[in-house]
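# Descriptive structure summary
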Amino acid sequence: MKPVGDNLKPKTTVRVTYGPTKRSLALITPPMVADWPLLGPDGNMGSKFGPDSPDKAVFQIGLADRALEGVDQHRVAHLFTVLNLIDERVSDFVYAHQKDVLGTCDLSPEAV
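Here the structure is a predicted model, which means the values were calculated and not measured.

## Quick notes on the overall build of the chain
From N to C terminus, the chain includes two helices and six strands. Across the 112 residues in the chain, those meeting the buried criterion constitute 12%. Across the chain, the fraction of contacts at a sequence separation of at least 24, relative to all contacts at a separation of at least 6, is 42%.

The following block contains the structure:
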């Protein structure tokens, strides 16, 4: 934890990494149907609430659980299996460390 902002209160950040060297996690998805097709090449750059630098742009896209025509649906199913495993591990970590991460300690695993 490190102090952030003017009030110097510590803020905990959860970062998902991979392997013993703690490399950043990156996923390559199979060609899929996008629920939010308006994602631009610069993420939220230039939007009303977006950052000034491309390095700070947020890239988000909603993927449907179906592949584009001609793509094996099993690849999509495997991707969602991996994403669900990651989600479970992050949720377990946040539950176990909810005092530091969320500032509370009374939540059930389902509420986290």
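## Quick look at the nonpolar core
Nonpolar side chains tend toward joint burial in soluble globular proteins. Counting residues in hydrophobic clusters, the biggest one holds five residues: Met-32, Ala-67, Val-71, Val-76 and Leu-79. Ignoring anything within four residues of it in the chain, the contact list for Met-32 reads Leu-63, Ala-64, Arg-66, Ala-67, Leu-68, Val-76, Leu-79 and Phe-80.

## What to know about a nonpolar patch on the surface
Together, Val-16, Tyr-18, Leu-25, Leu-27 and Leu-83 give the surface a local cluster of nonpolar side chains, amounting to about 420 Å² of exposed area. Turning to its location among the elements, Tyr-18 is positioned in strand S3 (residues 17-18). Judged by its relative accessible area of 58%, Tyr-18 is exposed.

## Some points on the environment of Asp-65
By secondary structure assignment, the location of Asp-65 is in strand S6 (residues 63-67). Taking the C-alpha atoms as reference points, Asp-65 and Leu-79, separated by 14 residues in sequence, lie 9.4 Å from one another.

## Some remarks on the confidence of the model for the chain
The predicted coordinates ought not to be read in detail in places where the model reports low pLDDT. Summarising the model, the chain shows a mean pLDDT of 75, and 67% of its residues fall at 70 or more. The secondary-structure element of the chain with the lowest mean pLDDT is strand S1 (residues 2-4), recorded at 46, while helix H1 (residues 73-96) shows the highest, at 89.

Here is what the cut-offs are and how they apply
Residues numbered from 1 in each chain as written. Predicted model: local features only at pLDDT ≥ 70, side-chain atom pairs only at ≥ 80, totals over all residues. Heavy atoms only, no water. Helix = DSSP H or I, 4+ residues; strand = E, 2+ residues; numbered from the N terminus. Buried < 20%, exposed > 50% of the residue type's maximum accessible area, 1.4 Å probe, protein only. Contact = heavy atoms within 4.5 Å. Core = buried A, V, L, I, M, F, W, Y, C linked by side-chain atoms within 4.5 Å. Patch = residues over 30% accessible without salt bridge, like charges linked within 9 Å, V, L, I, M, F, W, Y side chains within 5 Å. Areas by Shrake-Rupley, 256 points an atom, 1.4 Å probe, with all protein chains shown as cover. Salt bridge = Lys/Arg side-chain N within 4 Å of Asp/Glu carboxyl O. pLDDT = per-residue confidence, 0-100.

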